[in-house]
Amino acid sequence: MKEFSYTIKAADGLHARPAGILVKEAGQFQSEITMVFNDKTASVKKLFALMKLGVKQGDTVVIKADGPDESKAIDTIKTFMGEHF
């Protein structure tokens, strides 16, 4: 399992449009990819689950990947988060 922490910088927090693109990015990997926030966990492959976390600007989330392509998944998601959130 690989993971990283990320603090949301976007003024709108984890909002729908980039979150939808994040879901598509995550969908290309076989690994299970999750986001953890305030003791709640959501699949990064499910938009509504992500939105229910209620992540705002300044919040820190943990992204975890577990599976055969976890390293590539973490690298891709980390880059995406830095560009969009």
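See the structure printed just above.
Residues numbered from 1 in each chain as written. Predicted model: local features only at pLDDT ≥ 70, side-chain atom pairs only at ≥ 80, totals over all residues. Heavy atoms only, no water.

Engineer: Got a sec to walk through the overall build of the chain? Specific residues and values, please.
Structural biologist: When you go through the chain residue by residue, the secondary structure sums to three helices and four strands. Taken from N to C terminus, the helices and strands of the chain fall in the order β-α-β-β-α-β-α. Here the C-alpha radius of gyration of the chain, 11 Å, is about what a compact globule of 85 residues would show, namely 12 Å. On the principal axes, the C-alpha backbone points of the chain span a range of 35 × 25 × 20 Å. A total of 85 residues make up the chain; the buried ones form 42% of that total. Sequence-distant contacts in the chain: of pairs separated by 6 or more residues, those separated by 24 or more amount to 69%. For the chain, the exposed surface amounts to about 4800 Å²; the carbon and sulfur share of it is 49%. (Helix = DSSP H or I, 4+ residues; strand = E, 2+ residues; numbered from the N terminus. Rg over C-alpha atoms; globule rule 2.2 N^0.38 Å. Buried < 20%, exposed > 50% of the residue type's maximum accessible area, 1.4 Å probe, protein only. Contact = heavy atoms within 4.5 Å. Areas by Shrake-Rupley, 256 points an atom, 1.4 Å probe, with all protein chains shown as cover.)

Engineer: Which residues make up the packing of helix α1 (residues 16–26) against helix α3 (residues 70–84), and what values go with them?
Structural biologist: Running from N to C, α1 and α3 cross one another at 165 degrees; their axes reach a closest spacing of 10 Å. As judged from the angle between their axes, α1 and α3 are roughly antiparallel. For the pair α1 and α3, the crossing hand works out as right-handed. Of the residues in α3, those in contact with Pro 18, Ile 21, Leu 22, Glu 25 and Ala 26 of α1 are Thr 76, Ile 77, Phe 80, Met 81 and His 84. Residues belonging to the contact of α1 with α3 are distributed by class as follows: seven nonpolar, two polar and one charged. (Axes fitted to C-alpha atoms, helices over the stretch in contact; angles between N-to-C directions. Parallel < 35°, antiparallel > 145°, perpendicular 65-115°, else oblique. Left-handed = near helix turned anticlockwise from the far one by under 90°. Nonpolar A, V, L, I, M, F, W, Y, C, P; charged D, E, K, R; others polar.)

Engineer: How would you summarise the sheet that holds strand β4 (residues 60–66) if you had to cite specific residues and measurements?
Structural biologist: The strands making up a sheet associate through hydrogen bonds between their backbones, and the pairing can be parallel or antiparallel. Here four strands make up an open sheet; going across it, the order is β1-β4-β2-β3 and the pairing antiparallel. In the strand order of this sheet, the two ends are held by β1 (2–7) and β3 (40–43), each with one partner. The sheet shows a mean angle of 25 degrees between the axes of neighbouring strands, taken without regard to direction. In this structure, β1 lies alongside β4, joined through six bridges in antiparallel fashion. Looking at β4, one finds that Thr 7 is bridged to Thr 60. (Pairing = 2+ DSSP bridges.)

By themselves, these observations are geometric and do not establish any function.
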